[in-house]
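# Observations on the model geometry
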Amino acid sequence: MKIEPFALERWMSGIETLVHYNISAGGMSPLSVHDLLALEPAEKREKLLNDLLHASLGYSEARGSLELRSAIAATYRNCGPENILVTTGAIEANFLIFNVLLEAGDGVITPYPSYQQLASVPRAIGCDVAYWNITPQTNFRYNLAELEQLVTPKTRLIVINTPHNPTGATLNAEELRHVYALAESVGAKVLSDEAYRWIALPDNGNAAPPIFDFGPAGISVGTLSKALGLPGLRIGWIAAPVELIQACWGMRDYISLCPSGLSDMLATLALSNRAKLMERNQAIIRQNLTIVQNWLEAQSAIFTWEPPQGGVLSLLRYQLDIPSLDLADKLAREFEVMGVPGAKFGFEHFLRLGLGQDPQNLAEGLARTSNCIRALREAGTPLLATE
Ligand SMILES: Cc1ncc(COP(=O)(O)O)c(C=O)c1O
């Protein structure tokens, strides 16, 4: 397979050793093993630690342990462990699904902008990829009327990502039902990248159900990387009908074989403490919303913001005449700030803003961003003409 470079990952690996303050963090602030153990009652911790120290470093159960798959399955309706394949993050889950389901010439609909994998892998397979726009023209929201125009008898897969990276757009239960029905009407499937499932904004009501719950054409992809703040475990999964799980497992034999046993154990522990981790998230997101709102008030001449409908990500528009890649490079090299440039998602004059970061780190990153803007203005960078 020939595949185009993953633009955001390539850029990030060039600057990640320079930055200490992340205003664009893709998920919740990561936990340590110590943080995870501290979620358990004191009397259980010693045993858990002992179990971890004595865990075998041999190969582990290829699909993920029965305990972990059962814990994941319990988060879906009518789902058993046989419907779950544990993968190396959501990224491997998506890769397997695309490669098992698609062939050259198949029609695929995928959001634009998006986490690049969701367009680049189907394109590398030779699919005919159509974009469902989530752009300034749709106020960075999903527009179902536009999707209706894109579906054809050749469509094999509709890809959605809700809550959406990088805009924070979401699909509610009724909209998901509509997407599912559109896919079913042409015999297609829906792959829902639910990497941001469970991250709730304060006072945002009930989250939409995962697409698996809608029926056999629904394939859910999940991960512990974002809502549970555990990207280093590299634990994701597919929830799907058994035949698709078996086929993805068969392909995975050639790629990563099995999850790390230690990660499997820690993932099971994390899921059993999900409610506590969600409380932690709420406290972080609340603080960060206040930090961002106060900062935006002071920066209103330069920055404007469409808050996310869900998840922790959104795009921050700036009115300064400098390409987003140049701004992001300056932020990284001179101010130690990670600010993901909109250009990596196809949009100029935006930076991605993440609300999941440790609040002190985010506040310092935003203060440094203001210093960078001041330096640019003093050096003569003009404002953009307002539309
Ligand atoms: C939409 C989306 N899908 C998948 C992934 C990959 O996540 P994981 O760490 O679980 O592989 C990301 C990571 O940024 C993402 O934003």
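Residues numbered from 1 in each chain as written. Predicted model: local features only at pLDDT ≥ 70, side-chain atom pairs only at ≥ 80, totals over all residues. Heavy atoms only, no water.

Attention now moves to helix α8 (residues 173-185). Taking 1.5 Å of rise per residue, the 13 residues of α8 would be expected to cover 18 Å, and the 18 Å separating its terminal C-alpha atoms lies within 8% of that figure. Restricting attention to buried positions, one finds in α8 the residues Leu176, Val179, Tyr180, Leu182 and Ala183. The arc enclosing the buried residues of α8, seen along the axis, measures out at 160°, which places them on a common side. Exposed residues pointing more than 90 degrees away from the buried face of α8 are listed as Glu174 and Ser185. The N-capping residue of α8, defined by a side-chain oxygen 3.1 Å from the backbone nitrogen of Glu174, is Asn172. Note on α8: the residue one or two positions beyond its end, Gly187, has a positive phi of about 75°. (Helix = DSSP H or I, 4+ residues; strand = E, 2+ residues; numbered from the N terminus. Expected span 1.5 Å × (residues − 1). Buried < 20%, exposed > 50% of the residue type's maximum accessible area, 1.4 Å probe, protein only. Arc of directions from axis to C-beta. Polar contact = N/O pair within 3.5 Å; in protein donor to acceptor, adjacent residues only side chain to side chain.)

This part is about the sheet that holds strand β9 (residues 303-305). Ordered by their spatial adjacency, 3 strands build an open sheet running β9-β10-β12, and the pairing between neighbours is antiparallel. On the outer flanks of this sheet lie β9 and β12 (350-354), each paired with one strand and no other. Averaged over all pairs of adjacent strands, the angle between their axes in this sheet comes to 35°, without regard to strand direction. For β9 and strand β10 (residues 313-318), the ladder comprises 3 bridges, and the chain directions are antiparallel. The residue of β10 that forms the bridge with Thr304 is Arg317. The sheet strands contacting helix α11 (residues 274-298) are β9, β10 and β12, and the helix crosses β9 at an angle near 135°. (Pairing = 2+ DSSP bridges. Axes fitted to C-alpha atoms, helices over the stretch in contact; angles between N-to-C directions. Contact = heavy atoms within 4.5 Å.)

Neighbouring the ligand are 13 residues; Ala90, Asp193, Thr223, Ser225 and Lys226 lie closest to it. Within the backbone of Ala90, an N or O atom sits 2.7 Å from an oxygen atom of the ligand. Ile91 is positioned with one of its backbone polar atoms (N or O) 3.1 Å from an oxygen atom of the ligand. When the free accessible area of the ligand is taken as 400 Å², the share hidden by the protein chains comes to 92%. (Near = heavy atom within 4 Å. Areas by Shrake-Rupley, 256 points an atom, 1.4 Å probe, with all protein chains shown as cover.)

Of the pockets and cavities examined, the largest pocket occupies roughly 830 Å³. Taken together, 37 residues form the lining of the largest pocket, with Met12, Gly26, Gly27, Lys226 and Arg352 sitting closest to its centre. Elements with a minimum of two residues in the lining of the largest pocket: α1 (7-15), β1 (21-22) and α5 (89-101). Among the residues forming the lining of the largest pocket, the class breakdown is 15 nonpolar, 16 polar and 6 charged. When residues are assigned to domains, the lining of the largest pocket turns out to be shared by domain 1 (7-26 + 275-376) and domain 2 (43-272), each giving three or more. (1 Å grid on protein atoms, 1.4 Å probe; cavity = no way out; pocket = protein on both sides within 12 Å on 5 of 7 lines; lining within 4 Å. Points joined across faces, edges and corners; volume = space filled by probe spheres on them. Nonpolar A, V, L, I, M, F, W, Y, C, P; charged D, E, K, R; others polar. Domains from an automatic or database assignment.)

Glancing now at empty space enclosed by the protein. Taken as a whole and judged by the stated rule, the model has 1 cavity of 30 Å³ or more. Looking at the largest cavity, its volume works out to about 40 Å³. Lining the largest cavity, in full, are Tyr76, Glu194, Ala195, Arg197, Trp198, Gly222, Thr223 and Trp237. Its residues placed into classes, the lining of the largest cavity shows 4 nonpolar, 2 polar and 2 charged.

Moving on: the packing of helix α3 (residues 42-53) against helix α10 (residues 261-272). Closest axis-to-axis distance for the α3/α10 pair is 10 Å, and the angle between their directions is 160°. When the axes of α3 and α10 are compared, the pair comes out roughly antiparallel. In contact with Leu48, Asp51 and Leu52 of α3, α10 contributes Leu262, Met265, Leu266 and Leu269. (Parallel < 35°, antiparallel > 145°, perpendicular 65-115°, else oblique.)

A few words now on the domain arrangement of the chain. Here the domain parsing of the chain yields domain 1 (7-26 + 275-376) and domain 2 (43-272). Centre-to-centre separation of domain 1 and domain 2, based on C-alpha positions: 26 Å. Listed as interface residues are 28 residues of domain 1 and, on the opposing side, 30 residues of domain 2. Each partner contributes to the roughly 2400 Å² buried at the junction of domain 1 and domain 2, and carbon and sulfur atoms together form 58% of this total. It is Gln309, Phe345 and Phe347 in domain 1 that bury the most area against domain 2; as a group they hold 25% of the surface buried on that side. The tally of links from domain 1 across to domain 2 stands at 1 salt bridge. (Buried area = accessible area lost by both parts, 1.4 Å probe. Salt bridge = Lys/Arg side-chain N within 4 Å of Asp/Glu carboxyl O.)

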